[in-house]
Amino acid sequence: MRDADRSHEAIINDALARVMRGRLGLDAVAETLRGRARPDIVVRLEDRVVVVETEVEPALTVEADALSRLGMEIDGLVVQNVFAVSVPGQIRSTGQRHLYERLGSATLEWQEWRSDGTSGPKLSGGVSELGRAVAAASPPTGDLDAAVEILDGGVRRSGSQLRRAPGALARVSRIFGVEPSEESANMAALIITNAMVFQDRLASSEARYQPVGAAMRSGRFSSVSLLQAWDSILNVDYYPIFSMARDIVAEFSEVEAAGVLEECARTASELLGMGAVGRHDVAGRIFNKLVSDRKLLAAYYTSIPASILLAGLALYPARWPGVDWSDAEALSELLAIDPACGTGTLLMAAYRQIAQNYAAGRSGDGDVSSLHKSLVERVVMGTDVVQAAIHMTAATLAAMSPFVRFERMQLHTLKLGVEPGGGVLLGSLDWLEAPEVQSSFSATEEQIGAVSGEGSLVPIPRADLVISNPPYTRRGSDGGRGEAITRVFALSEGDEDSEKAIRDHTSALLRGTPANQMAGHASSFTVLADRLVKRGGRIALVLPVTALSGESWRGIRETLASRYEVEFVVSSHDPDMRSMSYDTGIAETLIVARRLGEGESAPRRGRFVNLWRGARLETDALALVSAVNAAASLPSLSSDGPPVGGSPLMLGGEQWGEMVEGPVGESAWKAARWKRALIGQFAAALERGELWTADGTGLAGPIPIAAMAEVCNVGPSDRQIVGSLGRFEGYHGYDEQAQFPALWRHREITHQRMISESNAWLIPKPDKDHTLTWAQSGTLHITRDVQYDSQRIMATRTNVRAIGVRAWHTLTVFDDDPIIRSRRETVLALWCNSTLGMLLHANHSNRAQEGRGTGNKGMLESLRTLDVRELSAWQLEAAQEIWRDMESRRFESFHRCAVDPARVELDECVVRDVLGLGDEAVGAVGRLRGLLAGDPSVHGGKGAVVG
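Residues numbered from 1 in each chain as written. Predicted model: local features only at pLDDT ≥ 70, side-chain atom pairs only at ≥ 80, totals over all residues. Heavy atoms only, no water.

Some details on the overall build of the protein
Point 1. Looking only at helices and strands, the protein features 31 helices and 38 strands.
Point 2. Sequence-distant contacts in the protein: of pairs separated by 6 or more residues, those separated by 24 or more amount to 73%.
Point 3. Carbon together with sulfur atoms contributes 48% to the accessible area of the protein, which is approximately 35,600 Å² in total. (Helix = DSSP H or I, 4+ residues; strand = E, 2+ residues; numbered from the N terminus. Contact = heavy atoms within 4.5 Å. Areas by Shrake-Rupley, 256 points an atom, 1.4 Å probe, with all protein chains shown as cover.)

Topic: the sheet that holds strand β3 (residues 49-56)
Point 1. Within the open sheet, the 6 strands sit side by side as β1-β2-β3-β6-β7-β8. Their pairing is mixed. Each edge of the open sheet carries a strand with a single partner, namely β1 (27-30) and β8 (123-125). Each strand axis lies, on average, 25 degrees off the axis of its neighbour in the sheet, ignoring direction.
Point 2. Pairing geometry for strand β6 (residues 81-87) and strand β7 (residues 108-114), over 6 bridges, is antiparallel. Paired with V85 across the strands is W110, a residue of β7.
Point 3. Relative to β7, helix α4 (residues 127-135) is tilted by about 5 degrees, and along the sheet it contacts β2 (41-44), β3, β6, β7 and β8. (Pairing = 2+ DSSP bridges. Axes fitted to C-alpha atoms, helices over the stretch in contact; angles between N-to-C directions.)

With respect to the nonpolar core
Point 1. In this structure, M20, I41, V43, F83, L103, L108 and F568 are the most contacted members of the largest nonpolar core, which totals 93 residues.
Point 2. With 10 residues, helix α15 (residues 345-361) is the largest single contributor of residues to this core.
Point 3. Not counting residues within four places of it along the chain, the set of residues in contact with V43 comprises M20, L26, D27, A28, R48, V49, V50, V52 and V134.
Point 4. Among the nonpolar cores identified, the runner-up in size contains 69 residues, and A683, I793, C897 and L917 belong to it. (Core = buried A, V, L, I, M, F, W, Y, C linked by side-chain atoms within 4.5 Å. Buried < 20%, exposed > 50% of the residue type's maximum accessible area, 1.4 Å probe, protein only.)

Some points on the pattern of salt bridges
Point 1. On inspection of all chains with the given rule, the structure shows 47 salt bridges.
Point 2. Across the salt bridge formed by E565 and R594, the nearest N and O atoms sit 3.0 Å from each other. Of this pair, E565 sits in strand β20 (residues 564-572) while R594 sits in strand β21 (residues 588-595), and the two are 29 residues apart along the sequence.
Point 3. A salt bridge links D815 to R824; the shortest N-O distance between them is 2.8 Å.
Point 4. We classify R824 as buried; its relative accessible area is 12%.
Point 5. Look at the salt bridges and you will find they share partners, linking R157, E262, E263 and R266 into a network. (Salt bridge = Lys/Arg side-chain N within 4 Å of Asp/Glu carboxyl O.)

Section: the pairing of β2
Point 1. Taken together, the 4 bridges between β1 and β2 define a ladder with antiparallel strand orientation. Across the sheet, the residue bridging to V29 is V42, located in β2.
Point 2. As paired elements, β2 and β3 share 4 bridges and run antiparallel to each other. Opposite I41, over in β3, you have V52 as the bridge partner.
Point 3. As consecutive antiparallel partners, β2 and β3 are separated by 4 residues.

Quick look at the packing of helix α25 (residues 818-833) against helix α28 (residues 873-886)
Point 1. Look at α25 against α28: their axes get within 9 Å of each other, and the N-to-C directions meet at 60 degrees. Taken as axis vectors, α25 and α28 run oblique relative to one another. Taken as a pair, α25 and α28 cross one another with a handedness that is left-handed. Contacts between α25 and α28 pair R823, R824, T826, V827, A829 and L830 from the former with L876, E877, A879, Q880, I882 and W883 from the latter.
Point 2. Residues that form the contact of α25 with α28 fall into these classes: 7 nonpolar, 2 polar and 3 charged. (Parallel < 35°, antiparallel > 145°, perpendicular 65-115°, else oblique. Left-handed = near helix turned anticlockwise from the far one by under 90°. Nonpolar A, V, L, I, M, F, W, Y, C, P; charged D, E, K, R; others polar.)

Remarks on the environment of F894
Point 1. One can find F894 in the loop between α28 and α29 (901-914).
Point 2. Distance in space between the C-alpha atoms of F894 and H939 is 8.3 Å, their sequence separation being 45 residues.
Point 3. Residues contacting F894, with those up to four places away along its chain left out, are V786, Y788, Q791, R792, I793, M794, N833, M838 and R903.

Comments concerning the side chain of T526
Point 1. Tracing the chain through its elements places T526 in helix α19 (residues 521-532).
Point 2. The residues touching T526, leaving out its near neighbours within four places in the chain, are L541, L543, W553 and I556.

Notes on the packing of aromatic side chains
Point 1. Within the structure shown, the criterion is met by 6 aromatic pairs.
Point 2. For the ring pair F608 and W669, a centre distance of 6.4 Å and an interplane angle of 90 degrees mean the geometry is edge-to-face. Note that F608 is positioned in strand β22 (residues 605-611) and W669 in the loop between β24 (654-663) and α22 (677-687), a separation of 61 residues in sequence.
Point 3. Exposure remark for F608: the relative accessible area of 0% places this residue in the buried category.
Point 4. These aromatic residues form a ring-pair network of at least three members: F198, W230 and F242. (Phe/Tyr/Trp six-rings, centres within 6.5 Å; stacked < 30°, edge-to-face > 60°.)

All we've got here are geometric facts, nothing functional implied.
Listed below in structure tokens is the structure:
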């Protein structure tokens, strides 16, 4: 080809910028002189600029060129994010007439670099994927944290000013429907600051709007002038942003307003100068802090990266064959709802993913923002019981395309409370039995929307997508004082009638459903999601990780397994990031499931994504979405197959996690338990009675395995022994003369050996029959809760008959011969303290916290264990010899199993001398010790100790 026909890089850059403008709606300009520099492409976002440097393969200098742009100033903003993009070599040979079309379908490679020295993974994809990554480019984490601190500090100072005017605070608090408090003062300040930020952004783009500073009069802020400015804006649009803020400021006198408004304006100005105010998570994270009862409400708010990951998996176009993503009119018929939307994080993620699908699906140009009107008015729907949260959601949606007019928004504040006539309303949960629910919108019955309206009844929606992070409030979560949700209703102390009405109404709503109040309202909202979603639609939920294994979640798991195709279960095994929500240490999981169509059979298997690294930035999440969706299009390895590991999730040459497919049903979904699928595969085989060789190529030997309840009696739980329901009064301390000795709590300092003394005693209650309870005493005791990173033994034997209390349960092997029974119990004690016993416990227990496995009596009864009934006399005799040698040996904590000489010796003795297996089995257990010691769920925050 002649050189004249070749497309040089300046021409390629211009064409790429045109593709970004025409198909993606980005404000992208190529080859514009900026001082002495000429960046290849400059993308102007709402509050920042991003530079894209391109180079045709082999692109040897593109990274250096991109890095040189960091820190430069463009349009008064400092460049904090750059993208180094490698363009396929064949693009250069494309004629200019076809260059635009060719770039639109080309596969590019890129890497993001940030001003704090961090970088994203090396990625590849089309222009639409590159464009979304550019649009999602985050300021350095430190800058975001600084912005959060600035907003937090400013809000609290403004709130403090408001509290100095108790009359104004009382009037403002009535808008929120709460009593005057620090929280209501801070919430008012946040809403005012949010409106001021948006006002100055409007004023910077359109001369008809006044900036916030124009409200200054004689050196002080005037509430009258500010309200006039806001009224002029409301006459055009932007009701969601300014309506509630106006209501608040209108309650101030000029004297009361001055200090509050001055502090709010100072904070807004500082945030605007930082270039971080357009980001929803800044205001959203502050909102989270302000909800002082959020632990009670369990109103934790989904992180932005987690929301992008969840929406990206739920709305992947290839899994919606009936939707034409290139047709804006067809997309307007979709409905995505969050029935507990909070500040709208998940709705925003769904909104952006739909817009991305639309941009990627089109072959021609067009204004992407034209989709905004139908998305806001028809597609995205949110409900919540917190009025201020709905305000934040409305403001964020409006800010997506601030110059697009719309008529309404599908955002509703639903009624929550006990009505004067005694009726109880539970917000969106009332849809479980009613075809419509009551909305309150605000204290003045104004609808949050583009124009004001009256509060009304909201009919039950039929959604294509239900995406939600449900509240986790559960019975007993308020220190055991009845139904925790009663606190949310602002009931008077001792209002037993109202508390009973709430309990009765909640029970009535959940009667006949798989929801369990002990699992919390997250299970209730899962049932609600099932009610709201259409056949063929999807639910996408953020749930506590206990949903995957907790006994109270069995009904929910069975519902998902029998009525849905479980497409993804995403769990994070990043020790620093197991939660998907801000401001909580609760381990959480993302579940995406498709409601089965008429006559469609449930596959009862699902894909499990186990992340090694959590997504901390939006671009990380986008990259993970691409990696997971790509892996899902290929056959997956099985969690219950041979121990070969999972399918790796690779981002830029680094492994971020694994994917496996595994069984789902009412039992625990164990494929999500381990960072490495390899451990789960070894465990699944062991539960079947198979010990595989270290390399996973064959069997090292059979091992008899059975459920604990088949082998022995699991003694009573502690509430059956002591407390109001118990048969005894309990006392701590050793007493060798005690008639009824007990083993009370597991203590790391004391329980370091497999032999223990009793450390408590019991006195029968005169009015209770204690004989049946005491009949379950014995000399073998197992703890249901194991802190793997500190505890050293799982089972112990006492020299005298005792009964386990508080986490200890006494085990009595089924056999009439006391000698045989004692010998079998000795074997069981050795097994439970071995690495194989530890593996089965960790694979079966609840693991909401790193380094810990918990459960209850039911968990122990179903725990798979060595079937000691199948052992011969020589095996029992060998166990006695091992016990005599090792009963007083001191063990290290389980997470140090790979380097603990006592554990290593015990493992070898159990494998060789009791099970009668050879070197291959010993090697397999050695491999397992290293794997377990390296898993975060075992070593917790203490780090791996593998030798």
